[in-house]
Amino acid sequence: MKSTFYSNGKLLITGEYVVLDGAIALALPTKFGQYLKVESGENKQIHWKSFDYDKSIWFEDTFSFSEISNPNLDAEESIKNTLLQILQQAYLQNPSFINKSEGYKITTELTFPRFWGLGTSSTLINNIAQWLEIDAFDLLKNSFGGSGYDIACAQNNSAILYQIINEKPVVEKVLFAPNYTDYLYFVYLNKKQNSKAAIASYFNKRASISASIKSINQITKALLNAPNVETFMDLLNEHEAILSHILEMKTVKESLFFDFDGVVKSLGAWGGDFVLVVSKENPKNYFRERGFDSILSYKEMIL
């Protein structure tokens, strides 16, 4: 018997980094995501195979139940160690999946290139949580870490406001349907950003940010009701300026696209993955001439 689970990918529109300190973030689930398929196996083992969007295998290994129930990981940062860390935490939440089974054959299938940064890890964690009927936010916290907004996107099919209150996730479904989505694009920067490293850098740099969080919250709420694209663009620029000051980094537009006639906003960890582009003119030629070929419209990307 085969069981199949699916989770949505994610994009963080506002609140990057500061969401960790209680800011309200606007996040959008994507049309892309990941499947997890579970079949019965044998020999008290899990045979794991992971497929990229093009059906190529990017990870394959077999490991014993004892590697999960009795962890003995080395310090090496490898795909196998990361996966075992997640499964070990899942075992602590629901040991029956090991104790009452003969084995598993598990495959994962991405519907987006794994380097795009749309949630390879978060969709996996949410799929494992669905399979084992455990709390995905706890599984994330105890394994991979992060704010959890990506788990919320994995579980919802609409825009969300996400906030951490008293160390607990608060998720509010919201309507985000501006009449200017034809002006919104997403461009991949040809570089996958390491989320853990980016978060560590943020914690090292941030000082007193309570005033900044208040401003970010106001921007996030205003974006939901921005009456026109000009207001929307002004709010995004204001958001970029605040984060630039906190992170002590140039904005992505200042760094890479200073001559672009429109808005370019970082999404999630600065320096990689996707950016949001707002332009009244089709910007595809501009970005392609600069070597950025992965350009998706709002309708192509957002669920």
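No experiment lies behind these values; they were computed from the predicted model shown. Every chain is numbered on its own, with residues counted from 1 as its sequence reads. Local features in this predicted model are restricted to residues of pLDDT 70 or higher, and side-chain atom pairs are both shown and tallied only at a pLDDT of 80 or more, whereas totals for entire chains, interfaces and linings draw on every residue. No hydrogens and no water enter the side-chain calculation; it runs on all heavy atoms of the structure.

Right, let's get into the sheet that holds strand E8 (residues 184–188). Note on pairing: two strands pair once DSSP finds at least 2 bridges between them. Counting from the N terminus, the helices are the DSSP runs of H or I reaching at least four residues and the strands are the DSSP runs of E reaching at least two. On the basis of which strands lie adjacent, the open sheet formed by four strands has the order E9-E10-E8-E11 and antiparallel pairing. Single-partner strands in this sheet number two, and they are strand E9 (263–266) and strand E11 (295–297). Ignoring strand direction, the axes of neighbouring strands in this sheet form an average angle of 25°. Pairing of E9 with strand E10 (residues 274–278), which is carried by four bridges, proceeds in the antiparallel orientation. Bridging from a neighbouring strand, serine 266 pairs with valine 275 of E10. Every residue pair with non-hydrogen atoms within 4.5 Å of one another is taken to be in contact. Between N-to-C directions, angles cover 0 to 180 degrees, with each direction set by a line fitted to C-alpha atoms, over the stretch in contact for helices. Together, E8, E9 and E10 form the strand contacts of helix H9 (residues 229–247), whose direction differs from that of E9 by roughly 45°.

With that settled, the discussion passes to the packing of helix H8 (residues 210–224) against H9. Two packed helices can be described by the angle between their axes and the distance between those axes. The N-to-C vectors of H8 and H9 enclose an angle of 160°; their axes lie 10 Å apart at closest approach. In terms of their interaxial angle, H8 and H9 are classed as roughly antiparallel. The two elements H8 and H9 meet at a crossing, and its hand is left-handed. Touching Ser212, Ser215, Ile216, Ile219, Ala222 and Leu223 of H8 are Phe232, Leu235, Leu236, Glu238, His239, Ile242, Leu243 and Ile246, all from H9. Roughly parallel refers to an angle under 35 degrees, roughly antiparallel to one over 145, roughly perpendicular to one between 65 and 115, and oblique to any angle outside these ranges. By definition, turning the near helix anticlockwise from the far helix through less than a right angle yields a left-handed crossing, and turning it clockwise yields a right-handed one.

To continue, consider the environment of aspartate 273. Looking at where aspartate 273 falls in the secondary structure, it is placed in the loop between E9 and E10. Residue exposure (1.4 Å probe, protein chains only): buried if accessible area is under 20% of the type maximum, exposed if over 50%, otherwise partly exposed. On the accessibility criterion, aspartate 273 (7% relative accessible area) is buried. Measuring from C-alpha to C-alpha, the distance between aspartate 273 and lysine 214 comes to 26 Å, with 59 residues separating the pair along the chain.

This next bit is on the pattern of salt bridges. Put simply, a salt bridge is a Lys or Arg side-chain nitrogen that is within 4 Å of an Asp or Glu carboxyl oxygen. Following the criterion strictly, the structure yields 10 salt bridges and no others. For lysine 299, the salt bridge goes to aspartate 182, with nearest N and O atoms at 3.6 Å. Linking lysine 299 in helix H12 (residues 298–301) with aspartate 182 in the loop between strand E7 (168–173) and E8, this pair joins segments that are 117 residues apart in sequence. Of the two residues, lysine 299 and aspartate 182, neither departs from the other in class, the shared state being exposed. A cluster of three or more residues bridged by salt bridges with shared partners is formed by Asp61, Glu67 and Lys80.

Let us now look at the pairing of strand E6 (residues 160–165). Note that strand E2 (residues 25–40) and E6 share three bridges and pair antiparallel. The partner of alanine 27 across the bridge, within E6, is isoleucine 160. Relative to E7, E6 is paired through six bridges, and the arrangement is antiparallel. Pairing of isoleucine 160 across the sheet is with lysine 173, part of E7. Here E6 folds back onto E7 in antiparallel fashion, the turn holding two residues, of which asparagine 166 has a positive phi close to 55°.

To define a nonpolar core, start from buried Ala, Val, Leu, Ile, Met, Phe, Trp, Tyr and Cys residues and group those joined through side-chain atoms within 4.5 Å. If you look at the biggest cluster of nonpolar residues, it comprises 49 residues, and the most contacted ones within it are Leu11, Phe186, Phe232, Phe274, Leu276, Val278 and Met301. Here this core gets nine residues from one element, more than from any other, and that element is H9. Formed by 40 residues, the second largest nonpolar core is a distinct cluster that contains Trp48, Ile106, Trp131 and Leu132.

Pairing of aromatic rings covers Phe, Tyr and Trp, the last through its six-membered ring, and needs centres within 6.5 Å; plane angles under 30 degrees mean stacked, over 60 mean edge-to-face, and all others mean tilted. Enumeration over the complete set of coordinates arrives at 19 aromatic pairs. Between the aromatic rings of phenylalanine 257 and phenylalanine 287, the centroid separation amounts to 5.0 Å while the plane-to-plane angle is 70°, which identifies the pairing as edge-to-face. Here phenylalanine 257 is found in the loop between helix H10 (252–256) and E9, whereas its partner phenylalanine 287 is found in helix H11 (residues 284–289), with 30 residues between them in sequence. With 4.9 Å between their ring centres and 55° between their planes, phenylalanine 260 and tyrosine 286 make a pair best called tilted. Of this pair, phenylalanine 260 sits in the loop between H10 and E9 while tyrosine 286 is found in helix H11, placing the two residues 26 residues apart along the sequence. A relative accessible area of 7% places phenylalanine 260 in the buried class. Each ring is checked for a lysine NZ or an arginine CZ that lies within 6 Å of its centre and within 35 degrees of its normal; such an atom marks a charge sitting over the ring. Geometry around tyrosine 286 places arginine 290 over its ring, the cationic atom sitting 3.6 Å from the centre.

Here the focus is the pairing of strand E4 (residues 57–64). Sheet faces and side chains relate simply in a regular strand, where the side chains alternate between the two faces. Bridge count between strand E3 (residues 45–51) and E4: seven bridges; the pairing is antiparallel. Bridging from a neighbouring strand, glutamine 45 pairs with serine 64 of E4. Linking E3 back to E4 in an antiparallel pair, the connection comprises five residues, with lysine 55 at a positive phi of about 75°.

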